[in-house]
Amino acid sequence: MSRLPVISTGITTTPSGKPPHQVGIPGWLSDRYGRQLRYLRLSVTDRCDLTCKYCMPEEGIPASPRSEFLSFEEIVRLVRAFRNLGVSTVRLTGGEPLVRKDIEHLVGMLRDQAGITDIAMTSNGSALAKKAKVLVENGLQRINVSLDSLDALRFQTMTRGGKLERVLHGLDAIQEAGVSETKINTVVVRDFNHNELANIVDWAWSRHITPRFIELMPLGEGARLGREAVFSVAEMKAHLCQHLELSSDSSHDIRRGPAYYLYSVTDPTKKVGFIGAVTDNFCAQCNRVRLTPKGEIRACLASPDGISLKELLRTGAQEQQISEYIASALFRKGEGHEFYTRGSDQHHQVDMSSLGG
Ligand code: SAM
Ligand code: SF4
């Protein structure tokens, strides 16, 4: 067997004396706080065809050489190792996942070779129309499309050149292709789009789409917009309640991520989601793991530090060894992020465009 690189994750045993991968449900990935990690966000590229103001600098970011990215075969090997640890959902993200060549093949490989049944994608939707059918045929089940405004000019301003019409065509195409769930993600920026929320909800509900509103996070370019630009979830709800009748009960499915939902009083099949990334610290329930295009695991979105799996893959590690390494690395997942708190400047260095939100 080939020699493995010596990489220390720093933790080899738990308080019970068991190795980290044996804590929690046997064989399942969990961290030292007992959170079961079931959801892998897989960033497949740091490239993007847009430069949204809260995410990328105007000039874009220097493109990494493609050879530094994991190949589809390498991704599948890693995802199998994650699956062996109980990860059941994989969400493809980026940068923009649709700019990665032949991304639809990866979707098929994740289903057929890695055995993942819940495959989702987060996309800006600009190039969705032409790939929608094949993505769904190859196993894409759920999609979240970023849509910050229904006003073409405002959309163009926020995305620095994006065309609203293309995104709307993409949404039509993916729904026609039969995807099981469609959501839109709207980052709410005070005095930019906060007055549009009720309109966005009406529009989305009329198309069987679930809208979700996200607080602006101080990550990467988002940090430059400043604390004042954050329109809190509490403000979003107050604003929406002036226009819509929403139930006071909320639901939160922790297996599905940090959003929680309010329902239409007149039609409880319709819901609107909120992600209070800044004001509602959801870390205690976080079940996510992130993998960058270059094969680094990030236990938390707010962390600039990663642990590389690429070397392990490229030196011929077996699936079981990779699983054990992942389990031990993720055991260190921190308790929570520290947006806008003392001494937390580090997250300004986090690159949302390579980490994928
Ligand atoms: N390009 C794809 C897209 O835009 O959907 C996927 C990657 S993007 C980084 C993932 C999500 O992160 C998007 O919904 C985007 O709106 C969100 N996002 C990016 N920067 C953000 C920020 N500073 N605060 C909140 N959400 C942000
Ligand atoms: Fe690209 Fe998505 Fe970032 Fe916008 S939010 S610049 S679409 S990666």
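Note that the coordinates shown come from a computational prediction; the quantities given were computed from them, not determined experimentally.

1. Quick notes on the site of ligand 1
No. 1: Around ligand 1, 21 residues are found, and the nearest of them are Tyr-54, Gly-95, Glu-96, Ser-146 and Met-217.
No. 2: For ligand 1, an oxygen atom lies 3.4 Å from a polar atom in the side chain of Asn-185.
No. 3: Within the backbone of Met-217, one N or O atom sits 2.8 Å away from a nitrogen atom of ligand 1.
No. 4: Within the complex, 95% of the 540 Å² of free accessible area of ligand 1 lies under protein.
No. 5: Put simply, the parts of the chain that give the shell around ligand 1 at least two residues each are strand S3 (118-123), strand S5 (181-188) and strand S6 (210-215).
No. 6: For the shell around ligand 1, the residue count by class is eight nonpolar, 11 polar and two charged.

2. Some points on the confidence of the model for the protein
Interpretation of this model should avoid reading the predicted coordinates in detail wherever pLDDT is low.
No. 1: Mean pLDDT over the protein stands at 83; residues scoring 70 or higher make up 75%.
No. 2: For residues 18-26, every residue scores under 50 in pLDDT, and the model assigns this stretch 22 contacts once sequence neighbours within four places are set aside.
No. 3: Predicted confidence is poor over residues 342-348, with pLDDT under 50, and the contacts of this stretch with residues over four places away or in other chains come to 14 contacts.

3. Some thoughts on helix H2 (residues 103-112)
No. 1: Most of H2 sits out of view: seven of its 10 residues are buried.
No. 2: The secondary structure elements touched by the buried residues of H2 are helix H1 (72-84), strand S2 (89-93), S3 and helix H3 (128-137).

4. What about the environment of Trp-203?
No. 1: Here Trp-203 shows up in helix H6 (residues 197-205).
No. 2: Assessed through its relative accessible area of 15%, Trp-203 is described here as buried.
No. 3: In this structure, the C-alpha to C-alpha distance between Trp-203 and Leu-150, residues 53 residues apart in sequence, is 8.8 Å.
No. 4: Ignoring sequence-local partners within four residues, the contact set of Trp-203 consists of Leu-147, Leu-150, Leu-168, Leu-171, Ile-184 and Ile-209.

5. Comments concerning the site of ligand 2
No. 1: Around ligand 2, the neighbouring residues are Cys-48, Leu-50, Thr-51, Cys-52, Cys-55, Met-56, Gly-95 and Asn-124.
No. 2: Looking at side-chain class alone, the shell around ligand 2 contains five nonpolar, three polar and no charged residues.

6. Quick notes on the pairing of strand S4 (residues 142-146)
No. 1: The element S4 is extensively covered by neighbouring structure, given that four of its five residues are classed as buried.
No. 2: Sheet topology places S3 next to S4; four bridges connect them, and they run parallel. Residue pairing for S4: Thr-122 is matched across the bridge by Asn-144.
No. 3: Once you follow S3 into H3 and on to S4, the crossover reads as right-handed.
No. 4: Direction of pairing for S4 relative to S5: parallel, over a ladder of five bridges.

7. A closer look at the packing of H3 against helix H5 (residues 164-176)
No. 1: Packing of H3 against H5 leaves a shortest axis separation of 8 Å and a crossing angle of 20°. Of the possible angle classes, the one that applies to H3 and H5 is roughly parallel. Relative to H5, H3 is oriented so that their crossing is right-handed. Listed contacts from H5 to Leu-128, Ala-129, Ala-132 and Val-136 of H3 are His-169, Gly-170, Leu-171, Ala-173 and Ile-174.
No. 2: Grouping the amino acids of the contact of H3 with H5 by side-chain chemistry returns seven nonpolar, two polar and no charged.

8. Some points on the nonpolar core
No. 1: Membership of the largest hydrophobic core comes to 75 residues, with the highest contact counts inside it found for Leu-92, Phe-213 and Leu-240.
No. 2: Apart from the residues within four sequence positions on either side, Leu-92 is in contact with Leu-42, Val-44, Pro-97, Ile-103, Leu-106, Val-107, Leu-110, Ala-120, Met-121 and Thr-122.
No. 3: Judged by nonpolar contacts, the second largest core, of 15 residues, contains Leu-50, Leu-216, Ala-229 and Val-230.

How each quantity is defined
- Residues numbered from 1 in each chain as written.
- Chains lettered and ligands numbered in written order.
- Predicted model: local features only at pLDDT ≥ 70, side-chain atom pairs only at ≥ 80, totals over all residues.
- Heavy atoms only, no water.
- Near = heavy atom within 4 Å.
- Polar contact = N/O pair within 3.5 Å; in protein donor to acceptor, adjacent residues only side chain to side chain.
- Areas by Shrake-Rupley, 256 points an atom, 1.4 Å probe, with all protein chains shown as cover.
- Helix = DSSP H or I, 4+ residues; strand = E, 2+ residues; numbered from the N terminus.
- Nonpolar A, V, L, I, M, F, W, Y, C, P; charged D, E, K, R; others polar.
- pLDDT = per-residue confidence, 0-100.
- Contact = heavy atoms within 4.5 Å.
- Buried < 20%, exposed > 50% of the residue type's maximum accessible area, 1.4 Å probe, protein only.
- Pairing = 2+ DSSP bridges.
- Right-handed = clockwise from strand over helix to strand, strands pointing away.
- Axes fitted to C-alpha atoms, helices over the stretch in contact; angles between N-to-C directions.
- Parallel < 35°, antiparallel > 145°, perpendicular 65-115°, else oblique.
- Left-handed = near helix turned anticlockwise from the far one by under 90°.
- Core = buried A, V, L, I, M, F, W, Y, C linked by side-chain atoms within 4.5 Å.

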